[in-house]
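# Coordinates in review
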Amino acid sequence: MAAPTVVDVHTHVVPKGWPDLAAACGGSGWPWLRVDSERAAMIMVGEAEFRPVGAECWDAPTRLADMAADGVDVQVVSPTPVFFGYDRPADQAVRVARIFNDLTLEATAAGGDRLLPFCQVPLQDPDAACAELDRCLAAGHVGVEIGNHVGDRDLDDAGIVAFLTHCAEVGAPVFVHPWDMPGGPRLDRWMARWLTGMPAETHLSVLSMILGGVFDKVPPTLRICFAHGGGSFPFWVGRADNAWHRRGDLVRGASAAPPSSYLDRFYVDSVVFSTPALRLLVDTMGVDRVLLGSDYPYPLGERPAGRVVHEADFLTDAQRARLLAGNALHFLQGRVPS
């Protein structure tokens, strides 16, 4: 294909079916798919309904038709975080990762080089995570999606840092997606866990990489992108800098420089839904650090994909081109045909 002009780095897949995970992986309480019709299903967790999904989640022709309608050339297709299994024994997480990674390759195969699969890994076991990443890269995946924490271990955990270092060494781009948000009466209404918890979770994990000294430890070749515009972090980077300078005894942690010094070490996607928010994101992160993302095909995503980037009158044509594809091509580095 010709060099793409629109690349969406934030989309998800749900296979049409998978084996009984309790039998295949061990344990109980795994997600399962209640198929309601040929084009509609419900992800179930136990007996609870988790999320309705449609054919666009598993059917490549449906996905490609939506891409054509939105003017998207290439999608990065990542797992849906409910399947990560980070809260389970590592051997179970290895098995579920292999199942969904192989199914993702099948689901994206019909899209050719327009659908680029990212894998999942058993992040609670760094050695197993590295091994699964290597297996997947050899099989055809082009990168990896990880959750933003494993239990109480954030992205500055030594084992996770070892995995990120391996990603840098093998050239695998990393997409960080929040998952497993806190609940409770104040958050279990109005989708508040998604509206407040996801931005806060991502903010905390960006801070953990900065103040935990991760960017001072991992090679600068690490290419890592945070979903949903980096959460609330871009709005509050000034507050973090102020705290770093004024309360360095508590805030500096293992970081060698103020938080704003690390903005050129990571990317964020553009799923912020309004022109003023996108302007803040570009002003804060820099025009080279924002990638088009839509969160397709889920209801809280942006349709048509890239609408805010296309409509942003503060961007020059050259800047818009960077957000629509140029930055993504740098993030993916050689993983997209050109």
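All figures in this text were calculated on a predicted structure; none of them were measured in a lab.

With that out of the way, let us pick up the nonpolar core. With 68 residues, the main nonpolar core has Ile146, Phe163, Leu164, Ile224, Phe266 and Leu278 as its most contacted residues. Considering each element in turn, this core owes the most residues, six residues, to helix α5 (residues 158-170). Among the nonpolar cores identified, the runner-up in size contains 18 residues, and Leu33, Ile43, Ala55 and Ile99 belong to it.

Another point: the side chain of arginine 88. Within the secondary structure layout, arginine 88 lies in the loop between β5 (74-78) and α3 (90-109). No salt bridge forms around the buried arginine 88; measuring N to O, its nearest opposite-charge neighbour aspartate 87 is 4.3 Å away. There is a polar contact of 2.8 Å between the side chain of arginine 88 and the backbone oxygen of serine 28. In this structure the side chain of arginine 88 is engaged in a polar contact, spanning 3.4 Å, whose partner is the backbone oxygen of glycine 29. Residues contacting arginine 88, with those up to four places away along its chain left out, are Gly27, Ser28, Gly29, Trp30 and Gln124.

In this section: the sheet that holds strand β9 (residues 224-226). Strands in a sheet are paired, the pairing made by backbone hydrogen bonds, and the direction either parallel or antiparallel. Strand order in the open sheet made by the eight strands is β1-β5-β6-β7-β8-β9-β10-β11, with parallel pairing throughout. Of all strands in the sheet, those with a lone pairing partner are β1 (7-12) and β11 (290-291), marking the two edges. Sheet analysis places β9 next to strand β10 (residues 267-269), joined by two bridges and oriented parallel. Directly across from cysteine 225, in β10, lies its bridge partner tyrosine 267.

Another point: helix α6 (residues 192-211). Given 3.6 residues per turn, any residue in an α-helix points the same way as the ones three and four places further on. The end-to-end C-alpha separation of α6 is 27 Å, in line with the 28 Å expected for 20 residues at 1.5 Å each. A bend of about 25 degrees at methionine 198 is the largest found in α6, and the proline proline 199 appears one to four places after it. Within two residues after α6, glycine 213 carries a phi angle of roughly 80 degrees, on the positive side.

Cis geometry marks the peptide bond from tyrosine 296 to proline 297; its omega dihedral reads 5 degrees. For proline 297, the location among the structural elements is in the loop between β11 and α11 (307-311). Residues arginine 303 and proline 304 are joined by a peptide bond in cis, for which omega reads -10 degrees. Unlike most non-glycine residues, tryptophan 190 shows phi in positive territory, near 60 degrees. For tryptophan 190, the position within the fold is in the loop between β8 (174-177) and α6. Even without being a glycine, aspartate 295 presents a positive backbone phi close to 65 degrees. Owing to a relative accessible area of 9%, aspartate 295 belongs among the buried residues under this scheme.

It is worth spelling out the environment of leucine 116 at this point. By secondary structure assignment, the location of leucine 116 is in strand β6 (residues 115-119). For the pair formed by leucine 116 and glycine 140, sequence separation is 24 residues and the distance between their alpha carbons is 8.7 Å.

Right, let's talk about the UniProt feature "domain: Amidohydrolase-related" (unreviewed entry) in the chain for a bit. UniProt marks residues 7-332 with the feature "domain: Amidohydrolase-related" (unreviewed entry), using the numbering shown here. Across residues 7-332 one finds 42% helix and 16% strand; the C-alpha atoms that close the span lie 10 Å apart.

The next point concerns the state of the cysteines. Within the structure shown, the criterion is met by zero disulfides. Counting only cysteine sulfurs, cysteine 167 is the nearest neighbor of cysteine 130, a cysteine outside any disulfide, at a range of 6.9 Å. Cysteine 167 provides the cysteine sulfur closest to cysteine 225, a residue in no disulfide bond, and the two sulfurs are 14 Å apart.

Before going further, it helps to spend a moment on the pattern of salt bridges. What the rule picks out here adds up to 14 salt bridges. One salt bridge connects aspartate 188 with arginine 193, and the closest N-O pair in it is separated by 3.5 Å. Residue arginine 193 is classed as partly exposed on the basis of its relative accessible area, which comes to 28%. For the salt bridge of aspartate 317 with arginine 320, the shortest nitrogen-to-oxygen distance reads 3.6 Å. A residue pair is termed a helical-turn pair when its members lie 3 or 4 positions apart in one helix, as aspartate 317 and arginine 320 do in helix α12 (residues 317-332) at three residues. We classify aspartate 317 as exposed; its relative accessible area is 65%. One connected set of salt bridges, linked through shared partners, spans Arg98, Asp102, Glu132 and Arg135.

Cut-offs applied
- Residues numbered from 1 in each chain as written.
- Predicted model: local features only at pLDDT ≥ 70, side-chain atom pairs only at ≥ 80, totals over all residues.
- Heavy atoms only, no water.
- Core = buried A, V, L, I, M, F, W, Y, C linked by side-chain atoms within 4.5 Å.
- Buried < 20%, exposed > 50% of the residue type's maximum accessible area, 1.4 Å probe, protein only.
- Helix = DSSP H or I, 4+ residues; strand = E, 2+ residues; numbered from the N terminus.
- Lys, Arg positive; Asp, Glu negative; His and termini not counted.
- Salt bridge = Lys/Arg side-chain N within 4 Å of Asp/Glu carboxyl O.
- Polar contact = N/O pair within 3.5 Å; in protein donor to acceptor, adjacent residues only side chain to side chain.
- Contact = heavy atoms within 4.5 Å.
- Pairing = 2+ DSSP bridges.
- Expected span 1.5 Å × (residues − 1).
- Bend = angle between axes of the 7 residues up to and from the residue.
- UniProt positions renumbered as here; feature names shortened; annotations may be inferred.
- Disulfide = S-S within 2.5 Å.

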